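Observations on the model geometry
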Amino acid sequence: CTAFPRGREPPTVMASALVTARSTATAVLAGALSRPPPRRVDRLPRSVSPRAAAARPREAPSRRRLAAAEEDGAATTATTTEGDDEEEIPQIEIPERPEHVRVVDAFLPAADAVALRGVFETHNDDPRRVHEHRFVWDYWHVPGQYTQLRTPAADYFPEEQFEALEEALLTYARETLGCSAMTPVWLSSYVDGMRQEIHADVPHGPFAFVLSLTNWDERRFTGGETFLLQPETLDYWRGFETNSVVERGAVVQSVEPEFNRLTVFDPRIPHGVNVVEGTRDVREGRLVLHGWFRDLAPHFSGALTEAACEPALGEILPPLYEALGALPRARGVVVVRVNVDANGRVTGTEWKADTLVPAPAPSLPDPTEVRDAILLEIAGTFMDATFPAAGAPGAVTMPFEFD
């Protein structure tokens, strides 16, 4: 959970730059937390029509004007004339839908993934051989909910190998998800009859992950896939059609645990693991590393440093929070990467992660329009910003948490 100064209520819109204990930017920007919670509306202000705004240039400082694009794809450019000068106008990409599930194949270097699997196989090469690594497993059984074997990964693998795994996961978390930490990693094994029934992991962190060490192509079992309810299932009646055939694939998404595949997903989505059937040998079952990424925090890369960016962020973020607070309520995480050239000019924005879902309200417009308004405000604000000239390109990866 997030800690706020005693006696102060947290704002409804939170950006992790203000709540990360390790960030010195927190002290510079802490004034934003002292304001009362922003007002909330159940409809878009008359002056904001996201799709219309996406079709016309957004007002900006004299150094540029911004065009917002509706469609996904690579950023394109246009030109505008101020005096006699023409300059390129980057477009702002607005994703139409959130991304609740992401799959990264071949996540680890192949040799590292094979080595981790090799540790497990060495510990289980002979079922008659007795040693300390055979007695570390917890048979976790919650009737009607969870059945699996599990053990802390940090204690199971050699220190050097685990540190390399941890660094790979944290690097991905910082650069892509705006998370600076993760929970302790579990290693879990599933054999015949083991499963996870449907559940949600709301309090653990904004992103859950599963890294498979399963020899999927040589498996001798059925099941073992991670399954998640489709977004359409969670909003079933909005798009219901009486003539449509509804089967499992329409309401549930399944992700196979292929070897060295990282699956990252929104843990708010109800999910589980299909029952494994067909083998009682742990060497032939489902084997995965799993946990949660947590502690949203800005990440600075290239020539940009946190200390150098503090003054710019101190000017950018407070009015941005105020503008976001005037929009309809939403829940989820948005992570934007702001690319900056050597002179401190913003050259573009990229959406690195997006689980933002508008909260239902009686007079709420189309959810896509609410998302458009929020994302356009964030990207447009950063496109208008100026960062310190660092002499070389850099980037700021900035997460925003809405609740």
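Heads up: the structure comes first, above all this text.
Notes on the structure follow.

How each quantity is defined
- In this convention, every chain numbers its residues from 1, walking through the sequence in written order.
- Residues qualify for local features only when their pLDDT is at least 70, as the model is predicted, and side-chain atom pairs are given and counted only at 80 or more; totals for whole chains, interfaces and linings, by contrast, use all residues.
- Side-chain figures throughout are based on the complete set of non-hydrogen atoms in the structure, without hydrogens or water.
- Across the chain, bend at a residue is computed as the angle between axes fitted to the seven residues ending at that point and the seven starting from it.
- In this text, helices come from DSSP runs of H or I with a minimum length of four residues, and strands from runs of E with a minimum of two, each type numbered from the N-terminal end.
- Only protein chains enter the accessibility calculation, which uses a 1.4 Å probe. A residue is then buried if its area is under 20% of the maximum for its type, exposed if over 50%, and partly exposed in between.
- The set of buried Ala, Val, Leu, Ile, Met, Phe, Trp, Tyr and Cys residues whose side-chain atoms join them within 4.5 Å is what this entry labels a nonpolar core.
- When two rings of Phe, Tyr or Trp (its six-membered ring) have centres within 6.5 Å they constitute a pair, described as stacked for plane angles under 30 degrees, edge-to-face for angles over 60, and tilted for the intermediate range.
- A pair of strands is considered paired only if DSSP assigns at least 2 bridges between the two.

**Remarks on helix H8 (residues 306–325)**
At Ala312, H8 is deflected by roughly 45°, the largest bend along its length. Buried within H8 are the following residues: Cys309, Glu310, Ala312, Leu313, Ile316, Leu317, Pro318, Leu320, Tyr321, Leu324 and Gly325.

**So, the nonpolar core**
Grouped together as the largest cluster of nonpolar side chains are 36 residues, with contacts concentrated most on Leu313, Ile374, Ile378, Phe382, Phe387 and Phe400. Elements represented by at least two residues in this core include exactly H8, strand E18 (330–340), strand E19 (346–354), helix H9 (367–383) and strand E21 (394–402). With nine residues, H9 is the single largest residue contributor to this core. The next biggest cluster of nonpolar side chains, apart from the first, holds 33 residues, and it includes Ala153, Tyr156, Cys179 and Phe209.

**Details of the packing of aromatic side chains**
As enumerated under the stated definition, the model contains nine aromatic pairs in all. Centre to centre, the rings of Phe120 and Trp137 are 6.2 Å apart; their planes meet at 90°, and the pair counts as edge-to-face. In this pair, Phe120 is assigned in helix H3 (residues 110–123) and Trp137 in the loop between H3 and strand E6 (138–142), connecting sequence segments 17 residues apart. The class of Phe120 is buried, set by a relative accessible area of 1%. Ring plane angle 10° and centroid distance 4.5 Å describe the contact between Trp140 and Tyr146, whose orientation is recorded as stacked. In textbook terms, an aromatic cluster arises when at least three aromatic residues are bridged by ring pairs, as seen for Phe120, Trp137, Tyr156 and Phe157.

**Describing unusual backbone geometry**
Of note in the backbone geometry, Asn260 takes a positive phi value of approximately 65° without being a glycine. With respect to the helices and strands, the residue Asn260 is situated in the loop between strand E13 (252–255) and strand E14 (262–265). Unlike most non-glycine residues, Asp295 shows phi in positive territory, near 60°. Along the chain, Asp295 falls in strand E16 (residues 286–296). Classification of Asp295 by relative accessible area gives partly exposed; the value is 34%.

**A look at the pairing of strand E12 (residues 226–229)**
Burial along E12 is two-sided: Thr226 and Leu228 facing one way and Phe227 and Leu229 facing the other are all buried. In this structure, E12 lies alongside strand E15 (residues 271–273), joined through three bridges in antiparallel fashion. Looking at the pairing, Leu228 lines up with His271 of E15.

These figures come from the coordinates and say nothing about function on their own.
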